[in-house]
Amino acid sequence: MSTAVERKTKNYLTGLKEAMYEEMESNPDLICMGEDIGLLGGAFGVTDGMQAKYGAERVIDMPISESAIVGAACGMALNGKTVMAEMQFIDFISCGFDQIVNMVATYCYRTAGEVPIPMVIRGPAGGYGGGALYHSQMNEAWFCNSPGLKVVCPSTPSDAKGLLKAALRDPNPVVFYEIKELYRKRSIEEELLDGDDALIPLGKARVGREGTDLTLVSYGNPYHLSLSAAKKLEEFGFSAEVIDLRTLVPLDEETITESLSRTNRLLVVNEAPMTCGFAGEVLARLSQAAFEHLDAPPARVTRTDTPVPWATPLESDVLPSVDDIVEAALKLCRY
Amino acid sequence: MSTAVERKTKNYLTGLKEAMYEEMESNPDLICMGEDIGLLGGAFGVTDGMQAKYGAERVIDMPISESAIVGAACGMALNGKTVMAEMQFIDFISCGFDQIVNMVATYCYRTAGEVPIPMVIRGPAGGYGGGALYHSQMNEAWFCNSPGLKVVCPSTPSDAKGLLKAALRDPNPVVFYEIKELYRKRSIEEELLDGDDALIPLGKARVGREGTDLTLVSYGNPYHLSLSAAKKLEEFGFSAEVIDLRTLVPLDEETITESLSRTNRLLVVNEAPMTCGFAGEVLARLSQAAFEHLDAPPARVTRTDTPVPWATPLESDVLPSVDDIVEAALKLCRY
Amino acid sequence: MPERELARTAEPRKVSKATEPLPRDILTPDDYRELLDQLYLARYFDVRLTKEKKRGRLRGTLYSSHNQEAILVGSLYALRSTDWISPIHRDMPAFFLKDIKNGWDSKDRLGMSIEEVCSQVWGRVDSPGRARDNWSHIGSKKKRIIHSTSMLAGTIPVAAGVVYADRLDGGDNVVVTYNGEGSTAQGAFHEGVNFAAVHKLPVVTVIENNQWAFGTPAHLGCPTEDVADRAKGYGIPGLVADGQDVLDVFDKVSEAVEYARSGKGPSIVECKTFRSYGHGDHDDDRAVKYRPQDEVEVGRSRDPIAEMKKVMIAEGLLTQKEADKHPAEYKGAGEVTDHDFPERVVEFLSRGVDFALKSPLPDASEARRWVFKEEDQ
Amino acid sequence: MPERELARTAEPRKVSKATEPLPRDILTPDDYRELLDQLYLARYFDVRLTKEKKRGRLRGTLYSSHNQEAILVGSLYALRSTDWISPIHRDMPAFFLKDIKNGWDSKDRLGMSIEEVCSQVWGRVDSPGRARDNWSHIGSKKKRIIHSTSMLAGTIPVAAGVVYADRLDGGDNVVVTYNGEGSTAQGAFHEGVNFAAVHKLPVVTVIENNQWAFGTPAHLGCPTEDVADRAKGYGIPGLVADGQDVLDVFDKVSEAVEYARSGKGPSIVECKTFRSYGHGDHDDDRAVKYRPQDEVEVGRSRDPIAEMKKVMIAEGLLTQKEADKHPAEYKGAGEVTDHDFPERVVEFLSRGVDFALKSPLPDASEARRWVFKEEDQ
Ligand SMILES: Cc1ncc(C[n+]2csc(CCOP(=O)(O)OP(=O)(O)O)c2C)c(N)n1
Ligand SMILES: Cc1ncc(C[n+]2csc(CCOP(=O)(O)OP(=O)(O)O)c2C)c(N)n1
Ligand SMILES: [Mg+2]
Ligand SMILES: [Mg+2]
């Protein structure tokens, strides 16, 4: 493999940053709000340098007030702006929860379409980094169960860039899960396209690896675990197809159904708590829609129904691992 | 059928009220908190007369501050009390959301068991009454996806009483969904037991009607719709078993699996939004656990993925009806 | 944008006893008469709906603004057409009172027509929200009215965002948000006002302190005697107005609006009033039990219509005979007839009611639309 | 419950220049020496952990309380054993400083042992929370320390509930919650303080105003010059203390605690200080860029150890020579050695570190336990 320098590959974080800059440049009505996003440039630097370039009025260092961040963003969006609202960690979205599910998500619906809210709520998410209970969450299911929100989760640098750009152009509110463990991951770096060429449409899954014996459906960090698992499964003589959902709401059921019509086995992997998580939703939809295709019980590998504990042995136990996926996949394949 | 007077039957609301009174009487450490629960006795009267009897210190008229209600309840529970925290409508739970999912739900876990939080958050829930977006919600999935909370939803007066009593004696936090459309429903009135005899254990589903051709799994108002649907299905020559879950977390999978081993067909009915709702969770679990039993694609009838609109024709369209259930059931039976 | 200035051609009358000039000083006799008519209109809206419900023509809960009308009338009179408002459950008349001074029937005024508001009351498809959400949860981007949810104080951050955007675009419009005293305990109140104060945003928070939040007296929700004291925590002005006196409300809100528009920032205007009946009409019977009768009597003893008449008589703008012609004051829905109100008022509202009753229910086919923006919008 | 009174047998010394008697007047020379040692201890905790991390013996983010130690030391010295506290991320020393005046090694003091705290720092199973949550998210019901989540200001309502229950049971214990100035913008802050004010609950909210909330200067989070002004919104006392002066903190917090304990209600004590380094150690390099160097220099120019030494020298409780013996003040982790600290301090903490390093990691078998209460508990 050629080196990063030769190929000018970029990481996930750079993908996000480029998306933000390109959209700020092309859309003068785009406003950014969040804690420490201006002077500091954000806890992870997604908006690094942006306040200096676009001014403190467009790149707003907000008080530690998630309800006000979301609510004020909604007000701006209602009055002609497009807003990017950053949650410093997606875990803190709980503090702005009411404004998201009751104010923002429903605005278009209850106004019979008069007031769509173009707004992206984004933030770093996910476990595997020792972040413990409040810096490891994948709480996307709350929002998938709250009609009126699109929900997105990229797992590659080009998707990070392309989906964020698309989200920022979508007239609807989007909750955007960034996987912080992927932010600087070298092994997934890619060359990135610019401008409109970089766009990745919302609502389209991607087949990340083709296979014939079973379908692994995933997103975020577990997508990469699934790819690793697929490799291991080869050693056992099984060929796994791996689908990266990219967008959860709206879900691209077609791509999954098509795959299942060939593989006849479904394993869904994510890192959210199991009960009422999105893995279960995929299971529910496909066990119904692809009933005739399924030759084995559809299965999921998820976080256990526990918070994410801190100490490494504990964290590792509750989050899905490559081995967990392989084990579940073998069970399916050998069913 | 004999009249209410003869049989001394009582409604759902009375079941709740009796549970509260009995537990207040037997547990001097039980505290009630909520908006307008004291002087007024609660918007629906569940705590009617209680402040006069037990004093304003134990039955607290709280400011309109759901975060403070839940948070202060947590503090009391941590310091030796048992707390009933009322949400005036369960819809407003969104305003106390962070305290519930991050403070209360996790307390026992992160203290390695040192500090369980005995607390019941209860409130009127559900649609079908013209309550529109913010007085019709069934948002139980948010809490089912937040580990550390038990989630309960009674659909009969005796369950309302028995489950609430059990919840108030449980050492863990319980989110308790009361179905306001059932509060005063005459047709479901029952005689109620007193004291310990009235207890209904959490985590046990109930077979509300036996049948052989398919299993309808439900809770809350849709449980009664399912019973009606079961009757109609008879006319079509199909015998439906109807299971009332009563407790969602922890789920009584056994009762469902046992039923499916006989009926081989699963239809789950609830009134929450479809995506990542609890109906999907049941589908996901059972399509896996009862794979060999299922002779037809497992199905669900839920609210559409929309808010609950106000005007009757709109509300009726998005919420499950008896006809919707019958239609889905027939499809299953004729599969 | 058609804009009617407060000062008319006629010579403004000094009516205030204060030595300093007051905002009301620019009001003309016509303004006074207009204000009185608007008080009648708000009151008539309340009693008429109550009667319609008793007659069985109306479903749903009514949140009465009886006895609190001066707050809406006085505050809205202090606004420009292009200013924004954000009413809540007890502010139903605000929707048609906004910018009504631009002409009750003016087509281009930036307030809702009575037909629209009545269609919402009756849940008909001609409601601005096509009857998708209930009661006061309507609004209009065009008319600059923010749609509320049920979650109290939830629109304050939204309102702050609206005027932030306006300012960015070079505007100097103000937003007035309405909230009950009980709602000031919400976290969103704090976060919204705090943000507005940090950025000196033109957000005027009118607190309708009617002494009760449903069944909870004010002192159990707010630790200070004056709810306006909450302003001190943000270093912003906290004014107290006599909520029964439309002119005092006008003065205080005008001051707050001027302060906001000139870039000095947000403020709180507490209007002291009293809730005449139950929290909603479903609570009327219980409210009699949980509220002491003498408190209720005192609270209702200064009817805003009566108070305005007194001023006008004192100022020579109204004769006693004229004042007695429409004796709507102090009366509940059961004690009042259409004759107690100016014809203009009855006709205006009746037109709205008639329109609404003829407007159809929305069709079920609309139920699943607009979860997301539709392509053709 | 063993309770050490503040006033010792020795004659209290008047050290204050004020005319009124001050809480500090009951402090003895031994108390002064103890306070100085505690300042050293808190400082040593900070620099030692920084060194341990540089040595690679420690993972995770460090939130330094360097330069802010007088707030924890002074406020905790004002408490009874049975009072409650609720520290946050920057208050790590609070866990072992609580009730430490009852004897650093006293088995029955109601504070955490240094072994427990170090086990938490190293994520070992002997941490009070068995390393299930990180950094400062520990607590102890027995020792009356409320466990925080990461969600800022989230413990204020909880703290209010704790003392509500205590009062119901006839207790008169006080709770002190700690929060940064930035956190006062949260809705939970408002709801918690408001509830406490309505019920006159003994909740003392200490605001550590270190001028910065991560990368955001205080004025972008709080609209008033003094964060203590937030108190005015609730009609409760808002005191401002010199956060570099352990005695002033002691005075103000003692006053607030006495006010709370006597049933008068909650209060806010703002302690003005300055964050020495980055928000966490991951931010040290960036903080140099986003904060003006001169501001940092002024902010660090009054080291709490140095300030206390000055007072003690002036009062004849310390000779210059004694003061110079342990010159830890003004120094960061890179500039300091163990010799800059009293032996007692180094030994105490070293014992904790040694213990922690020997404590095992929790076993994976614990990971799924205690989601709910277990039967045998
Ligand atoms: C967040 C939230 N909690 C609870 C309610 C239920 N509720 C509706 S109105 C009301 C009382 C409001 O009192 P106040 O703010 O004083 O306004 P008023 O009704 O007196 O005009 C309550 C508790 C709500 N709508 N929103
Ligand atoms: C609700 C919430 N939002 C955001 C954060 C992220 N965060 C952690 S510390 C911090 C800054 C806190 O500033 P301040 O309250 O002044 O305390 P300091 O760190 O200065 O001691 C932020 C924004 C959080 N922990 N909780
Ligand atoms: Mg009120
Ligand atoms: Mg700070």
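Residues numbered from 1 in each chain as written. Chains lettered and ligands numbered in written order. Predicted model: local features only at pLDDT ≥ 70, side-chain atom pairs only at ≥ 80, totals over all residues. Heavy atoms only, no water.

Q: Please give an account of empty space enclosed by the protein that cites residues and values.
A: According to the stated counting rule, one finds 12 cavities of 30 Å³ or more in the structure shown. Roughly 270 Å³ of internal volume is contained in the largest cavity. Together, 25 residues line the largest cavity, and Ser67(A), Cys95(A), Ser67(B), Cys95(B) and Glu191(D) are the ones closest to its centre. Of the residues contributing to the lining of the largest cavity, the split by class is nine nonpolar, 12 polar and four charged. (1 Å grid on protein atoms, 1.4 Å probe; cavity = no way out; pocket = protein on both sides within 12 Å on 5 of 7 lines; lining within 4 Å. Points joined across faces, edges and corners; volume = space filled by probe spheres on them. Nonpolar A, V, L, I, M, F, W, Y, C, P; charged D, E, K, R; others polar.)

Q: Report on the site of ligand 1, specifying residues and quantitative values.
A: Glu66(B), His89(C), Arg90(C), Ser183(C) and Trp212(C) are the nearest of the 22 residues found near ligand 1. More than a single chain frames ligand 1: its nearby residues are located in chains B and C. In the model, an oxygen atom of ligand 1 is placed 2.9 Å from a nitrogen or oxygen of the Gly182(C) main chain. Asn210(C) places a polar side-chain atom, nitrogen or oxygen, 2.9 Å from an oxygen atom of ligand 1. Protein chains bury 96% of the 580 Å² of accessible surface belonging to ligand 1 in isolation. For the shell around ligand 1, the per-class residue count stands at eight nonpolar, nine polar and five charged. (Near = heavy atom within 4 Å. Polar contact = N/O pair within 3.5 Å; in protein donor to acceptor, adjacent residues only side chain to side chain. Areas by Shrake-Rupley, 256 points an atom, 1.4 Å probe, with all protein chains shown as cover.)

Q: Go over the interface of chain B and chain A with me, naming the residues and quoting the values.
A: Listed by partner, the interface residues are 49 residues for chain B and 49 residues for chain A. For the pairing of chain B and chain A, the buried interface totals around 4100 Å² over both sides, and the portion due to carbon and sulfur atoms is 61%. Considering only the surface of chain B that becomes buried against chain A, Tyr109(B), Asn145(B) and Cys276(B) emerge as the three largest contributors, covering 17% of it. Summed over the shared surface of chain B and chain A, the result is two salt bridges. The salt bridge involving Arg300(A) is made with Glu281(B); its shortest N-O contact spans 2.7 Å. Remark: the boundary between chain B and chain A carries 27 residue pairs in polar contact (both at pLDDT 80 or more). Within the residue set of the side of chain B that touches chain A, elements represented by two or more residues are helix H5 (97–104), helix H6 (107–110), helix H7 (140–144), helix H11 (278–289) and strand S12 (299–303) of chain B. Among the elements that take part in the side of chain B that touches chain A, H11(B) stands out by supplying eight residues, more than any other. Grouping the amino acids of the side of chain B that touches chain A by side-chain chemistry returns 27 nonpolar, 12 polar and 10 charged. (Contact = heavy atoms within 4.5 Å. Buried area = accessible area lost by both parts, 1.4 Å probe. Salt bridge = Lys/Arg side-chain N within 4 Å of Asp/Glu carboxyl O. Helix = DSSP H or I, 4+ residues; strand = E, 2+ residues; numbered from the N terminus.)

Q: Describe the pattern of salt bridges, listing the residues and the values that go with them.
A: Inspection of every chain in the model, using the stated rule, returns 110 salt bridges over all chains. A salt bridge links Arg186(A) to Glu189(A); the nearest nitrogen and oxygen atoms lie 3.5 Å apart. By relative accessible area, Arg186(A) is classed as exposed at 61%. Glu116(D) serves as the salt-bridge partner of Lys143(D), at 3.1 Å between the closest nitrogen and oxygen. Of this pair, Lys143(D) sits in the loop between helix H4 (114–121) and helix H5 (155–168) while Glu116(D) sits in helix H4; the two residues are 27 residues apart in sequence, bridging distant segments of the chain. Lys143(D) sits in the buried class, given a relative accessible area of 14%. Overlapping salt bridges, with partners in common, bring together Lys10(A), Glu18(A), Glu22(A), Glu23(A), Lys161(A), Lys165(A), Arg169(A), Asp194(A) and Asp196(A) in one network. (Buried < 20%, exposed > 50% of the residue type's maximum accessible area, 1.4 Å probe, protein only.)

Q: Account for the coordination of the magnesium ion (ligand 3), with residues named and values stated.
A: Residue and element names in this part refer to chain C. Distances from the magnesium ion (ligand 3) to its protein donors, Glu181 (OE), Asn210 (OD1) and Trp212 (O), fall at 2.1 to 2.2 Å. Positions of the donor residues of the magnesium ion (ligand 3), expressed as sequence spacing, correspond to E-x28-N-x1-W. Of this pair, Glu181 sits in the loop between strand S2 (175–180) and helix H6 (187–198) while Trp212 sits in strand S4 (residues 212–213), placing them 31 residues apart in sequence. Neither residue differs from the other here; Glu181 and Trp212 are each classed as buried. (Donors = N, O, S within 2.8 Å, 3.2 Å for Na, K, Ca; no water.)

Q: Give a detailed account of the interface of chain A and chain D, specifying residues and quantitative values.
A: Listed by partner, the interface residues are 34 residues for chain A and 39 residues for chain D. Inspection of the region where chain A meets chain D yields one salt bridge. With a shortest N-O distance of 2.8 Å, Asp317(A) and Arg368(D) are connected by a salt bridge. The tally of links from chain A across to chain D stands at 10 residue pairs in polar contact (both at pLDDT 80 or more). For the side of chain A that touches chain D, the element with the most residues is helix H12 (residues 312–318) of chain A, which contributes five residues. Partitioned by chemical class, the residues of the side of chain A that touches chain D number 18 nonpolar, 10 polar and six charged.

Q: Just give me the short version of the domain arrangement of chain A, but keep the residues and values in it.
A: It is common to give the size of an interface as the accessible area lost on bringing the parts into contact. Residue and element names in this part refer to chain A. In terms of domain boundaries, chain A breaks down into domain 1 (12–198) and domain 2 (206–333). Here domain 1 and domain 2 have C-alpha centroids that lie 26 Å from each other. Each side of the interface is counted separately: domain 1 has 28 residues, and domain 2 has 29 residues. A combined buried area of about 2100 Å² lies between domain 1 and domain 2, and 58% of that area is made up of carbon and sulfur atoms. Applying the counting criterion to the domain 1 and domain 2 interface returns two salt bridges. Ionic pairing is found between Asp159 and Arg206, a salt bridge with its closest N-O pair at 3.4 Å. The tally of links from domain 1 across to domain 2 stands at 14 residue pairs in polar contact (both at pLDDT 80 or more). Mapped by element, the contributors of at least two residues to the side of domain 1 that touches domain 2 are helix H7 (140–144), strand S5 (150–152) and helix H8 (157–169). (Domains from an automatic or database assignment.)

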